[in-house]
Amino acid sequence: MSAQIIDGKMIAGRVRIAVARDVEAFAEEFGGAKPGLATILVGDDPASAIYVNGKQKACREVGMEGFNFPLAADTPRDEVVELVERLNADPAVSGILLQLPLPEHLDGAELTGMIDPRKDVDGLTPISAGLLALGREGLRPCTPSGVMTLLDAAGAQLEGAEAVVVGRSNLFGKPMAQLLLGANATVTMCHSRTRDLAGVCRRADVLIAAVGRAQMVKDDWVKPGATVIDVGMNRVEAGLVGDVDFDAVKEVAGAITPVPGGVGPMTIAFLLRNTLQAARMQRSEH
């Protein structure tokens, strides 16, 4: 029997509708003030420009303020630092997003770390990562948060379940593992040095692939009935594919996300939700 297809587009749409409603309530409560998202784009990478435009468009659609700061590829570090500091101090800006990757002369980790943790809507500053690791309140990375909602929508029972995350990046793999631990799953994190990767994956009740290798996860890697979340986005001749061999794995899995239309739409939906959460947190401090 073929797996249940987890429709990320539809679920993200529901999240956006809820955010739009809550933004309206926020504006009523605070005299018309709206949450505001500032995006910083350094250079002219076409994929990054598409992402930033998508984020700004999504902001407008839910009634938030959008502020975009496009900078030339050769912008010196000091100017980027000055902009981040200015946005940190601007009460109209609830969230700041520095689009990665940056040109080679700039250090993405260093500059992201300068964002005020209360405005860190990507959840990537050392303080945000620390709050997540300690299970304390804070802004969580968008894509892992979106995956948790997809798992919930698919009816995945996480408590006591064996969850395997393939990929250990700071952007996704590590925070994903922390969120799963917080939901009382037993978590294994795999990477390029993992022995018998296929064997480890086969144990998983929940298998999450995020390595950027096209169709790496085959049907014999998957435990029958497992929930499979594909975070990969790989452009091949045939178009866009994930890290999971979708056509083969859907015959084994209990539920699976497609690519595109699975995890991708959740990222922007949770960016909007984080911006609203950041705005609320900042208001509650005054």
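Given the structure is predicted, the values throughout are model-derived calculations rather than measurements.

How would you explain the layout of surface pockets if you had to name every residue and give the values?
Put simply, the largest pocket is a space of about 1,400 Å³. Residue lining of the largest pocket: 42 residues in total, with Tyr51, Thr143, Val231, Met233 and Thr267 positioned closest to the centre. Listed by contribution, the elements that provide at least two residues to the lining of the largest pocket are helix H2 (46-61), strand S4 (95-98), helix H6 (142-153), strand S9 (234-236) and helix H10 (264-284). Taken together, the residues of the lining of the largest pocket break down into 25 nonpolar, 11 polar and six charged. The volume enclosed by the second largest pocket comes to roughly 380 Å³. Leu124, Thr125, Ala129, Asn170 and Leu171 are the residues nearest the centre of the second largest pocket, which is lined by 19 residues in total. Elements supplying a minimum of two residues to the lining of the second largest pocket: helix H4 (108-112), helix H5 (126-133) and helix H7 (173-182). Taken together, the residues that form the lining of the second largest pocket break down as 10 nonpolar, eight polar and one charged.

Please provide a residue-by-residue account of the environment of Asn68, values included.
With respect to the element layout, Asn68 can be found in strand S3 (residues 65-71). In this structure, the C-alpha to C-alpha distance between Asn68 and Pro141, residues 73 residues apart in sequence, is 20 Å. Ignoring any residue separated from it by four or fewer positions in sequence, one finds Asn68 in contact with Thr39, Val52 and Gln56. Only 2.8 Å separates the side chain of Asn68 from the side chain of Thr39, close enough to count as a polar contact.

With reference to specific residues and values, describe the nonpolar core.
Val147, Leu151, Leu180, Ile208 and Ile229 are the most contacted members of the largest nonpolar core, which has 46 residues in total. Listing elements by their share of this core, those giving two or more residues are helix H1 (8-29), H2, H6, strand S5 (162-166), H7, strand S7 (206-209) and H10. By residue number, the principal contributor to this core is H10, which donates nine residues. Contact partners of Ile208, with chain neighbours within four places excluded, come to Val147, Leu151, Val164, Val165, Val166, Phe172, Met176, Leu180, Ile229 and Val231.

Break down H2 for me, citing the residues and quoting the values.
Because an α-helix completes one turn every 3.6 residues, residues spaced three or four positions apart along the sequence face the same direction. For H2, with 16 residues, the first-to-last C-alpha span of 23 Å sits near the 22 Å given by 1.5 Å per residue. Along H2, the residues that are buried comprise Ser48, Val52, Lys55, Gln56, Ala58 and Cys59. Along the long axis of H2, the arc covered by the buried residues comes to 160°, so they all point the same way. Opposite the packed face of H2, turned more than 90 degrees from it, sit the exposed residues Pro46, Ile50 and Arg60. Looking at the buried side of H2, the elements it contacts are H1, strand S2 (36-42), S3, S4 and H10. At the exit of H2 stands Gly63, carrying a positive phi of roughly 85°.

Hey, could you go over a negative patch on the surface for me, with residue numbers and the actual values?
There is a patch of like negative charges on the surface, built from Asp74, Glu79, Glu82 and Glu85. Relative to the helices and strands, Glu85 resides in helix H3 (residues 77-89).

Rules used in this analysis
- Residues numbered from 1 in each chain as written.
- Predicted model: local features only at pLDDT ≥ 70, side-chain atom pairs only at ≥ 80, totals over all residues.
- Heavy atoms only, no water.
- 1 Å grid on protein atoms, 1.4 Å probe; cavity = no way out; pocket = protein on both sides within 12 Å on 5 of 7 lines; lining within 4 Å.
- Points joined across faces, edges and corners; volume = space filled by probe spheres on them.
- Helix = DSSP H or I, 4+ residues; strand = E, 2+ residues; numbered from the N terminus.
- Nonpolar A, V, L, I, M, F, W, Y, C, P; charged D, E, K, R; others polar.
- Contact = heavy atoms within 4.5 Å.
- Polar contact = N/O pair within 3.5 Å; in protein donor to acceptor, adjacent residues only side chain to side chain.
- Core = buried A, V, L, I, M, F, W, Y, C linked by side-chain atoms within 4.5 Å.
- Buried < 20%, exposed > 50% of the residue type's maximum accessible area, 1.4 Å probe, protein only.
- Expected span 1.5 Å × (residues − 1).
- Arc of directions from axis to C-beta.
- Patch = residues over 30% accessible without salt bridge, like charges linked within 9 Å, V, L, I, M, F, W, Y side chains within 5 Å.
- Areas by Shrake-Rupley, 256 points an atom, 1.4 Å probe, with all protein chains shown as cover.
- Salt bridge = Lys/Arg side-chain N within 4 Å of Asp/Glu carboxyl O.
- Lys, Arg positive; Asp, Glu negative; His and termini not counted.
- Charge placed at Lys NZ, Arg CZ, Asp CG, Glu CD.

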